Each structure stands twice: as C-alpha cells, then as structure tokens.
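Descriptive analysis of the structure
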Amino acid sequence: MRGLTKAIAARRAARTERSTGPVRPALITGGVVAATAATAGLLLAGCSASSEGVRKEGPAQTRSSSKAVGKQPSASPSVTRAKVDAAALIKADPKISDAVKKNFKPCVKDQYPVDVIYGQLTDGSRDDVVVNILTCGDAIGIGSYVYRAKGGSYENVFSSETSPVYADIDRGDLQVTTQIYGSGDAVADPSGEDVVTYHWTDGKFRETGRTHTDFSKVGGTTTKSEGSGQEG
C-alpha cells in the first residue's frame with residue numbers, strides 16, 4: 001500500500017482481520033466536540049467486540065467473527081459500543097486545523113478517506129474512537145485524532161497533524177506512528193519512522209515509550225532505537 005510503511009500496512013491488515021464489522025477507515029488537546037445525533041450524525045448501532053476489544057472501520061472490508069474460547073471473563077463494567085459518523089465528527093471538531101478540513105473531501109461519492117478504530121483507551125463507559133484521515137490516492141495519513149465520549153457528545157483528547165501519521169490502539173494504549181522522509185525519498189519509501197506509545201493516566205495521555213527506526217535502502221535491513229517514556 002503506497003504512502004504507508006510495511007509496518008503500518010501490516011497493522012491495518014491485522015486489525016481488519018480481527019475486526020467484527022465493516023471497515024471505514026499527536027500533541028494533546030481538549031475540547032468538547034458537538035457530535036450529538038443532531039450535529040455530528042452519531043449513529044447508535046450495537047457492534048460486537050473483537051478478540052482485543054477493538055473494532056475498526058474503513059472502506060471495502062469484509063465482515064469476520066471470532067468465538068470466545070474457555071471460561072467467560074469475570075464481571076467488569078459494561079462498555080457501550082456505538083458507531084459514529086466519522087466525517088461529521090471531523091467537520092464539527094474545532095480543534096482540527098483549517099488546512100486539514102479544507103482537504104477533507106470524499107474520494108468517491110460519500111466515501112471519505114478515513115480509518116475509524118473503536119476500543120478502550122480512556123476507561124470510559126463507551127468506546128473511544130480513533131480517526132485517521134488519509135489521502136485518497138496514496139493513503140498517506142494527514143491527521144490522527146482520539147475522541148472520548150462525554151455525555152451526548154465526543155471530546156477530542158488527542159490529535160496529531162504531523163503528516164504522514166497514523167494512530168492505532170495497541171493493548172489498551174495509543175500508538176502513534178510518524179514516517180520520516182529524507183531528501184529524495186519516494187512517498188512509499190521513507191527513511192524511517194518514529195513510534196510513540198501513550199497511556200491514559202489522570203485524565204490525559206502520557207508518553208510511555210518511543211521507538212525510532214531507520215530503514216535501509218538495500219536488503220530490507222533496519223536499525224531501531226528505543227527511548228524512555230515521558231509525560232505528553
């Protein structure tokens with residue numbers, strides 16, 4: 001997939017295979033987004049959980065299912081899962097830059113270039129929503145956002161517009177990948193990438209880990225370095 005490194009493309013493919021619904025596909029920000037049914041088209045529709053409690057949506061994906069094996073898990077707080085209209089959510093979010101909104105247009109008819117991932121990040125009673133805005137042709141990530149349910153609306157609690165960028169949910173943590181390009185690099189062949197992991201603590205995301213990878217131009221060899229986490 002052009003515009004995404006093999007690592008990101010593999011994560012998207014793996015997430016899609018584990019999802020149980022059709023797929024639609026960071027400085028820290030705040031602010032309530034008017035995402036009620038009237039203003040941001042929140043579509044309440046139940047959906048079952050994947051094996052990791054994460055559901056992803058995006059264009060042209062097939063439905064799959066999995067069955068739990070073994071004993072039922074112990075009782076835990078119920079999590080409500082509701083599908084959102086990601087395009088309307090983006091348009092109603094005042095925290096998203098004008099530049100991103102200006103270029104946020106359907107690729108075909110009403111099909112917007114977004115990856116939408118549902119899962120638990122902030123320990124809320126409803127699923128958090130991770131939205132990645134992509135370009136139509138090359139699937140380059142131009143913005144990644146995390147929304148937390150707050151009453152009848154959604155609050156933007158995390159955003160990154162450092163393109164190319166892609167956010168995902170990894171075992172309850174937020175993982176944000178940013179591709180690094182050198183002079184002369186092709187879109188599909190970046191020089192490296194930074195992967196930053198965040199954990200929700202005391203009402204905000206805090207950085208808990210950072211990895212930088214330099215991609216070799218020959219032989220598929222990579223050099224990886226890891227850094228310690230810090231507060232975001």
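Right, let's walk through the structure included here.

Rules and cut-offs
Residues numbered from 1 in each chain as written. Predicted model: local features only at pLDDT ≥ 70, side-chain atom pairs only at ≥ 80, totals over all residues. Heavy atoms only, no water. Helix = DSSP H or I, 4+ residues; strand = E, 2+ residues; numbered from the N terminus. Buried < 20%, exposed > 50% of the residue type's maximum accessible area, 1.4 Å probe, protein only. Areas by Shrake-Rupley, 256 points an atom, 1.4 Å probe, with all protein chains shown as cover. Salt bridge = Lys/Arg side-chain N within 4 Å of Asp/Glu carboxyl O. Core = buried A, V, L, I, M, F, W, Y, C linked by side-chain atoms within 4.5 Å. Contact = heavy atoms within 4.5 Å. Disulfide = S-S within 2.5 Å.

**Thoughts on the overall build of the protein chain**
Along its length, the protein chain carries three helices and 11 strands. Starting at the N terminus and ending at the C terminus, the protein chain contains elements arranged as α-β-β-α-α-β-β-β-β-β-β-β-β-β. In the protein chain, which comprises 232 residues, the share counted as buried stands at 44%. Looking at the protein chain as shown, the accessible area adds up to about 11,900 Å², and 52% of this sits on carbon and sulfur atoms.

**Regarding the pattern of salt bridges**
Within this structure, the stated rule accounts for three salt bridges. A salt bridge links D202 to R206, with the shortest nitrogen-to-oxygen separation between them at 3.8 Å. D202 sits in the exposed class, given a relative accessible area of 68%. The residue E207 makes a salt bridge to R210 at a minimum N-O spacing of 3.0 Å. Accessibility expressed as a relative area gives 6% for E207, which makes it buried. The exposure class of R210 is partly exposed, given its relative accessible area of 33%.

**Things to note about the nonpolar core**
Ranked by size, the top nonpolar core spans 20 residues in total, and within it I90, V114, V129, I133 and Y147 carry the most contacts. Put simply, the parts of the chain that give this core at least two residues each are α2 (86-92), β3 (114-119), β4 (128-134) and β5 (141-150). For I133, the residues in contact, after removing those within four places along its chain, are I90, V100, F104, P113, V114, I140, G141, I142, G143 and Y145.

**A short note on the state of the cysteines**
In a disulfide, the sulfur atoms of two cysteines are held together by a covalent bond. Scanning the model with the defined rule gives one disulfide in all. Between the sulfur atoms of C107 and its disulfide partner C136 the distance amounts to 1.8 Å. Every disulfide takes its handedness from the sign of the S-S torsion; for C107 and C136 that torsion is -90°, giving left-handed. Of this pair, C107 sits in the loop between α3 (98-102) and β3 while C136 sits in the loop between β4 and β5, and the two are 29 residues apart along the sequence. You can call C107 partly exposed: its relative accessible area is 36%.

As far as function goes, none of this settles anything; it's purely spatial.
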